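Reading the structure
For reference, the chains in residue letters:
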Amino acid sequence: EITNEEIRTDGSCPDSYILTRTWTATDNCGNTATQSQQVTVTDDEAPVLSGVPANISVDCDVVPALATGITATDNCDSDVEITSEEIRTDGSCPDSYVLTRTWTATDNCGNTATQSQQVTVTDDEAPVLSGVPANISVDCDVVPALATGITATDNCDSDVEITSEEIRTDG
């Protein structure tokens, strides 16, 4: 008659442990022979991230939201934890910058994998002025005052600064 027994000894994390398997053979007279096998199970393989978007360059008014739906698979852990972080690196002006978005997958034994996306944000579109009067010719005694009420809109800046300058060119 052969019997077997398996004992699990937990390791440092849920997917690292030792299985001690022991087989015992007993003959009709009660003589026994025993042999054991130790199976050392380790999890040292990092998860694999999927769905991380590629690097992109966009205008400042169409910056995409942080991607959702990022997944991770692991050879041992069926419920991998995924975290994300976004770091902004300022550029040459307030509306030109780089967003580095990093996703980290961590399995239940602490193995990690990271992937990043860089979103390069630019502001290369000029503001649009409105309300500037058209060119006119007038007599010297009816030169209009410098126009007021000029406005400007911009795809990135909600508070565009407007300055004016008047240059007289003698005829």
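Use the structure listed above.
Residues numbered from 1 in each chain as written. Predicted model: local features only at pLDDT ≥ 70, side-chain atom pairs only at ≥ 80, totals over all residues. Heavy atoms only, no water.

1. Remarks on the packing of aromatic side chains
Applied cut-off: Put simply, two rings from Phe, Tyr or Trp (the six-membered ring, in Trp's case) pair if the centres are within 6.5 Å, and we call them stacked under 30 degrees between planes, edge-to-face over 60, tilted for the rest. Comment: the charge-over-ring label is applied if NZ (Lys) or CZ (Arg) is within 6 Å of the ring centre and within 35 degrees of the ring normal.
This structure, assessed with the given rule, holds 0 aromatic pairs. For the cation-ring pair, Arg8 lies above Tyr17, with the distance from its terminal atom to the ring centre recorded as 3.7 Å. Looking at Arg88, its charged tip hangs above the ring of Tyr97, at a distance of 3.7 Å from the centre.

2. Remarks on the state of the cysteines
Put simply, the rule reads: Throughout, a disulfide means two cysteine sulfur atoms within 2.5 Å of one another. Runs of H or I in DSSP of at least four residues are treated as helices and runs of E of at least two as strands, each being numbered from the N terminus. Note on exposure labels: buried denotes an accessible area under 20% of the residue type's maximum, exposed denotes more than 50%, and partly exposed covers the range between, all computed with a 1.4 Å probe on protein chains only.
Throughout the structure, instances matching the rule amount to 2 disulfides. Covalently, Cys13 is tied to Cys109 through a disulfide, its sulfur atoms 1.8 Å apart. On the S-S bond that ties Cys13 to Cys109, the torsion sits near 85 degrees, and the link is right-handed. Note that Cys13 is positioned in strand S1 (residues 2–13) and Cys109 in the loop between strand S8 (96–106) and strand S9 (112–122), a separation of 96 residues in sequence. Here Cys93 stays free of any disulfide, with the sulfur of Cys156 as its closest cysteine sulfur at 8.0 Å. Among the residues examined, Cys93 registers a relative accessible area of 27% and is labelled partly exposed.

3. A short note on the pairing of S9
Under the convention used in this document: Should DSSP find at least two bridges between two strands, the strands are taken to pair.
Pairing geometry for strand S5 (residues 56–59) and S9, over 4 bridges, is parallel. For Ser57, the partnering residue across the bridge sits in S9 and is Thr120. Relative to S9, S8 is paired through 10 bridges, and the arrangement is antiparallel. Pairing of Thr100 across the sheet is with Gln118, part of S9. In sequence, S8 turns back onto S9 through a hairpin of 5 residues, with Gly110 there showing a positive phi of about 85 degrees.

4. Notes on the sheet that holds strand S3 (residues 32–41)
Formally: Orientation is described by axes fitted as lines to C-alpha atoms, over the contacting stretch for helices, and by angles from 0 to 180 degrees between their N-to-C directions.
Here 3 strands make up an open sheet; going across it, the order is S1-S2-S3 and the pairing antiparallel. In the strand order of this sheet, the two ends are held by S1 and S3, each with one partner. Each neighbouring strand pair of the sheet contributes to a mean axis angle of 15 degrees, computed without reference to strand direction. In terms of strand pairing, S1 meets strand S2 (residues 16–26) through 10 bridges, oriented antiparallel. The partner of Ile7 across the bridge, within S2, is Thr20.

5. Section: the side chain of Arg101
Cut-off, in case you're wondering: Pairs of N or O atoms are called polar contacts if they sit within 3.5 Å, as long as, within protein, a hydrogen donor faces a hydrogen acceptor (for residues adjacent in sequence, only side-chain-to-side-chain pairs). Contacts are assigned to residue pairs that have any heavy atoms within 4.5 Å of one another.
For Arg101, the position within the fold is in strand S8. Taking the relative accessible area as the measure of exposure, Arg101 reaches 3% and is therefore buried. A distance of 2.7 Å separates a polar side-chain atom of Arg101 from the backbone oxygen of Pro64. Residues contacting Arg101, with those up to four places away along its chain left out, are Val63, Pro64, Ala65, Leu66, Glu85, Glu86, Gln115, Ser116, Gln117 and Val119.

6. Remarks on a negative patch on the surface
Selection rule: Only residues whose relative accessible area exceeds 30% and that take part in no salt bridge are eligible for patches, with like-charged residues grouped when within 9 Å of each other and nonpolar side chains (Val, Leu, Ile, Met, Phe, Trp, Tyr) grouped when within 5 Å. Surface accessibility in these figures is a Shrake-Rupley result with a 1.4 Å probe; residues are shielded only by whichever protein chains are displayed. Salt bridge, as applied in this entry: a Lys or Arg side-chain nitrogen positioned within 4 Å of an Asp or Glu carboxyl oxygen. His is not counted here, nor are the chain ends, while Lys and Arg score as positive and Asp and Glu score as negative. For charged residues, the charge sits on one atom: NZ in Lys, CZ in Arg, CG in Asp, CD in Glu.
A contiguous patch of negative charge on the surface is contributed by Asp59, Asp61, Asp124 and Glu125. Examined against the element boundaries, Asp124 turns out to sit in the loop between S9 and strand S10 (128–130). You can call Asp124 exposed: its relative accessible area is 64%.

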